[in-house]
Amino acid sequence: MSHAITVEGLSKRYRIQPGAERSPYRTLRESLVDLVKRPWRGASNDKIDFWALDDVSFQVGRGEVLGVIGRNGAGKSTLLKVLSRITPPTLGQVSLHGRVGSLLEVGTGFHPELTGRENVFLNGAILGMSRGEIQRKFDDIVEFAGLHDFLETPVKRYSTGMFMRLAFSVAAHIQPEILLIDEVLAVGDVGFQKKCLGKMGEVAREGRTVLFVSHQMDALMNICPRSILLEQGKIIAQGPTSDVIERYFASQQSMLSARLDQRQDRKGRKRFQFTETWIEDMDGQRLPSVLAGQSIKLVATYETTDPRLVSPLTVSFAVCMAQGAPVTRFVSDVPGEPLPDDVPARGRIECVIPRMPFNVGRYFYDVLAESGPEFEMEDWVQGAGWLIVEAGDFWGTGRSINQKYPVLLEHSWSLKKND
Ligand SMILES: Nc1ncnc2c1ncn2[C@@H]1O[C@H](COP(=O)(O)OP(=O)(O)O)[C@@H](O)[C@H]1O
Ligand SMILES: [Mg+2]
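Peer 1: Looking at this structure, how should I read the overall build of the protein chain?
Peer 2: Along its length, the protein chain carries eight helices and 18 strands. Counting only contacts in the protein chain whose residues sit at least 6 apart along the sequence, the fraction spanning at least 24 positions is 73%.

The following block contains the structure:
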């Protein structure tokens, strides 16, 4: 098989200011400006070397759809940025055969001070389109993105959702032979996600090569026969996607013991941070495990430097089985009133779950905080806490069902004569 992508001994070093990564004051706008400035800034003594990619080698066949899996901070976006030549590698070689289109992290390849219109040209050029080609496709791109009214607005005023729509629209119109896609499915509405998945399926069917970074295991399973697993900048597993996903969740379990406020493998705008999470009973007693049928609270504490900017806040606890299969997601504005509008600088969020409806087993949950009507990601930690369920009397009958069925539901039975 001929290869579309060959990566050999690829490493990427960043020089970072100790502690700078956790600065709570960085906004999306500053991060964007940083992306433009940072790679070329010289090192000074107070900076330390940090390898975001560390001796990475792999090949992708022409027409292959390869999944890239890894926790937040593993180096996935850095890999895609190097492949799409947004940032140069420190060591190693990359060769790509064919025109590359990429849908990278929000904002990459965009300039915050330029307008939407100007950025279509900038981004198109970065992706290898000629000016004439962009001009021909311009109306289609804008139409697809649905951003006609915001064309003359500097993109620093765009929300994350608007950014993604524009970026996707440009990428979708360049007809690449190699398509690099970074976690777009985590952002945006369901319609947008469907559009992305549809587009990728289309590209794959046309025999073009796709590199797909995602946390959505079902999407990976559907689209990518083979995947690689990145951890701390290294490939620690590759092979059939289902095997790699299994490995990923096995390694995630070791993270769960770390304190939440110490976790670096998180995503968000760094002005809001979950500090601790635990499970307690209705009297406020912390619980190492829960009984099936017991009423409990899922609790998370947080701190924020910008109470006003993160209001209104939406918090979610997303629960998965220990092996990674999603079970359910508790979202603060779904069952009733949203959380109060003015978010305090430090707070404690509680989610009450009456009568634990999960069967005996080990589950873990992600914590997520999003702000505003466009659900800007403020803080997201995968595998933030365990939810361990032990045998309990869910139905009040002393009887239970086989543990291989994870969900317990109230129900009743009858038998009537049929004549
Ligand atoms: N421009 C940069 N300067 C310094 N550190 C960076 C930069 N970009 C990414 N990093 C760091 O490199 C690591 C890998 O980041 P990234 O590739 O974004 O991970 P992922 O996409 O897997 O979440 C993280 O620790 C991140 O903080
Ligand atoms: Mg990333």
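So much for the structure itself; the text now carries on.
Peer 1: Is there a simple way to think about the sheet that holds strand β4 (residues 91-96) in this case?
Peer 2: By way of backbone hydrogen bonds, the strands of a sheet pair with one another, either parallel or antiparallel. The three strands are arranged β2-β1-β4 in an open sheet whose pairing can be described as antiparallel. Edge strands, defined here as strands with exactly one partner in the open sheet, are β2 (48-61) and β4. Strand-to-strand, the axes of this sheet are offset by a mean angle of 20°, without reference to chain direction. As paired strands, strand β1 (residues 3-16) and β2 are joined by 10 bridges and run antiparallel to one another. Bridging across to β2, I16 finds its partner in I48. Along the sheet, helix α2 (residues 76-83) contacts β1, β2 and β4; its crossing angle with β1, the most-contacted strand, is approximately 115°.

Peer 1: Teacher, can you tell me more about the site of ligand 1 here?
Peer 2: If you check the shell around ligand 1, you find 16 residues, and the closest are G73, K76, S77, T78 and K267. A distance of 3.5 Å separates a nitrogen atom of ligand 1 from a polar atom in the side chain of Y14. Out of a free accessible area of 560 Å², ligand 1 has 87% covered by protein chains. Looking at the shell around ligand 1, the elements that each hand over two or more residues are β1, β2 and α2. For the shell around ligand 1, the leading source of residues is α2, giving three residues. Taken together, the residues of the shell around ligand 1 break down into five nonpolar, five polar and six charged.

Peer 1: Teacher, can you tell me more about the pairing of strand β14 (residues 313-321) here?
Peer 2: Within a regular beta strand, the side chains point alternately toward one face of the sheet and then the other, so they alternate between its two faces. Burial runs high along β14: eight of the nine residues are buried. The pairing of β14 with strand β15 (residues 326-331) spans five bridges and is classified as antiparallel. Residue S316 lies in a different strand from β15, and its bridge partner there is V331. Linkage of β14 to β15, two consecutive antiparallel strands, is achieved through a turn of four residues, within which G324 is found at a positive phi near 110°.

Peer 1: Before we go on, may I ask you to explain the environment of I401 in this structure?
Peer 2: If you trace the backbone, I401 turns up in the segment after β18 (376-390). For I401 and N359, which are 42 residues apart along the polypeptide, the C-alpha to C-alpha distance reads 8.1 Å. In this structure, I401 is in contact with N359, W395, V407 and L408, ignoring residues within four places of it in sequence.

Peer 1: Is there a simple way to explain the packing of aromatic side chains in this structure?
Peer 2: Aromatic rings in a pair are described by how distant their centres are and how their planes are angled relative to each other. In this structure the tally under the stated criterion is 10 aromatic pairs. Centroid distance F317 to Y365: 5.7 Å. Interplanar angle 90°. Geometry classified as edge-to-face. Of the two residues, F317 is situated in strand β14 and Y365 in strand β17 (residues 361-371); the sequence distance between them amounts to 48 residues. Three or more aromatic residues link up through ring pairs in this structure, and these residues are F110, Y158 and F163. The ring of W278 is capped by R286, whose NZ or CZ atom sits 3.6 Å from the centre of that ring. Between R355 and the ring centre of F394, over which it is positioned, the NZ or CZ distance is 4.4 Å.

Peer 1: Just to check I follow, could you spell out helix α5 (residues 160-172) for this structure?
Peer 2: Think of an α-helix as 3.6 residues a turn; residues three or four steps apart then line up on the same face. For α5, which comprises 13 residues, the first-to-last C-alpha distance of 18 Å matches the rise-based estimate of 18 Å (1.5 Å per residue) to within 8%. What α5 keeps buried is the set T160, G161, M162, F163, M164, L166, A167, F168, S169, V170, A171 and A172.

Peer 1: Looking at this model, I keep getting lost on the pattern of salt bridges. Mind explaining?
Peer 2: Side chains that differ in charge, positive against negative, can pair when their charged atoms come close. Applying the stated criterion across every chain, the model contains 23 salt bridges. Among the salt bridges present, the one from D379 reaches R266, with a minimum N-O distance of 2.6 Å. Of this pair, D379 sits in strand β18 while R266 is found in strand β10 (residues 266-267), placing the two residues 113 residues apart along the sequence. Residue classification places D379 among the buried positions, given a relative accessible area of 2%.

Reading the values: rules and limits
Residues numbered from 1 in each chain as written. Chains lettered and ligands numbered in written order. Predicted model: local features only at pLDDT ≥ 70, side-chain atom pairs only at ≥ 80, totals over all residues. Heavy atoms only, no water. Helix = DSSP H or I, 4+ residues; strand = E, 2+ residues; numbered from the N terminus. Contact = heavy atoms within 4.5 Å. Pairing = 2+ DSSP bridges. Axes fitted to C-alpha atoms, helices over the stretch in contact; angles between N-to-C directions. Near = heavy atom within 4 Å. Polar contact = N/O pair within 3.5 Å; in protein donor to acceptor, adjacent residues only side chain to side chain. Areas by Shrake-Rupley, 256 points an atom, 1.4 Å probe, with all protein chains shown as cover. Nonpolar A, V, L, I, M, F, W, Y, C, P; charged D, E, K, R; others polar. Buried < 20%, exposed > 50% of the residue type's maximum accessible area, 1.4 Å probe, protein only. Phe/Tyr/Trp six-rings, centres within 6.5 Å; stacked < 30°, edge-to-face > 60°. Lys NZ or Arg CZ within 6 Å of the ring centre and 35° of its normal. Expected span 1.5 Å × (residues − 1). Salt bridge = Lys/Arg side-chain N within 4 Å of Asp/Glu carboxyl O.

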